[in-house]
Amino acid sequence: MNTFGIVLFLLIFGMAFWMLIFLMGFILPYWITLGLFEQLRPKRIFEDEKKS
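The residue count restarts for each chain, going from 1 along the sequence in the order it is written. In view of the model being predicted, local features appear only for residues whose pLDDT reaches at least 70, and side-chain atom pairs are presented and counted only at 80 or more, with totals across whole chains, interfaces and linings using the full set of residues. Hydrogen atoms and water are omitted, and side-chain values are computed over all heavy atoms in the structure.

Caption draft 1: Fine view of the overall build of the protein chain. Secondary structure follows DSSP: runs of H or I at least 4 residues long count as helices, runs of E at least 2 residues long count as strands, and numbering of each begins at the N terminus. Across its full length, the protein chain carries one helix and zero strands. Out of the 52 residues belonging to the protein chain, those deemed buried represent 0%. Only the protein chains shown count as cover for residues, and the accessible areas themselves come from Shrake-Rupley with a 1.4 Å probe. Total accessible area computed for the protein chain in this model is approximately 5700 Å², and 74% of it derives from carbon and sulfur atoms. Partly exposed describes any residue whose relative accessible area lies between the buried limit of under 20% and the exposed limit of over 50%, with all areas from a 1.4 Å probe on protein chains only and scaled to the type maximum.

Caption draft 2: Inspection of the packing of aromatic side chains at higher detail. For this analysis, a ring pair means two rings from Phe, Tyr or Trp (six-membered ring only for Trp) whose centres lie within 6.5 Å, classed as stacked if their planes differ by under 30 degrees, edge-to-face if by over 60, and tilted for the remaining angles. For the coordinates displayed, the defined rule picks out four aromatic pairs. Look at Phe9 and Phe13: their rings are 6.3 Å apart centre to centre, the planes differ by 20°, and that puts the pair in the stacked class. With Phe9 and Phe13 both in helix 1 (residues 2-40) and four residues apart, the pair spans about one turn of that helix. The same class applies to Phe9 and to Phe13, which are both exposed. One aromatic cluster in this structure is built from Phe22, Phe26 and Tyr30.

Caption draft 3: Looking closely at helix 1. Across its 39 residues, helix 1 extends 56 Å between first and last C-alpha, which sits within 8% of the 57 Å expected from 1.5 Å per residue. Consider a residue and the seven residues that end there alongside the seven that start there; fitting an axis to each set, the bend is the angle between those axes. Largest kink in helix 1: about 40°, centred on Leu23. Expected span of a helix: the number of residues minus one, times 1.5 Å.

Caption draft 4: Inspection of the pattern of salt bridges at higher detail. By salt bridge we mean one thing: a side-chain nitrogen of Lys or Arg within 4 Å of a carboxyl oxygen of Asp or Glu. Inspection of the entire model under this criterion finds one salt bridge. Close ionic contact of Arg41 with Glu38 constitutes a salt bridge, the shortest N to O distance being 2.8 Å. Residue classification places Arg41 among the partly exposed positions, given a relative accessible area of 49%.

Here it is as structure tokens:
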């Protein structure tokens with residue numbers, strides 16, 4: 001039973017580790033890039049109320 005606990009701990013730790021690697025390597029740059037494009041996009045001052 002002791003070995004099962006150690007293996008379970010290492011399995012959960014490994015999954016958390018690879019999830020953090022995925023987040024730092026893909027999701028975080030994607031999120032930052034979307035934020036930068038949102039900031040650089042020209043703002044519309046006068047919006048048309050009706051586009052018909």
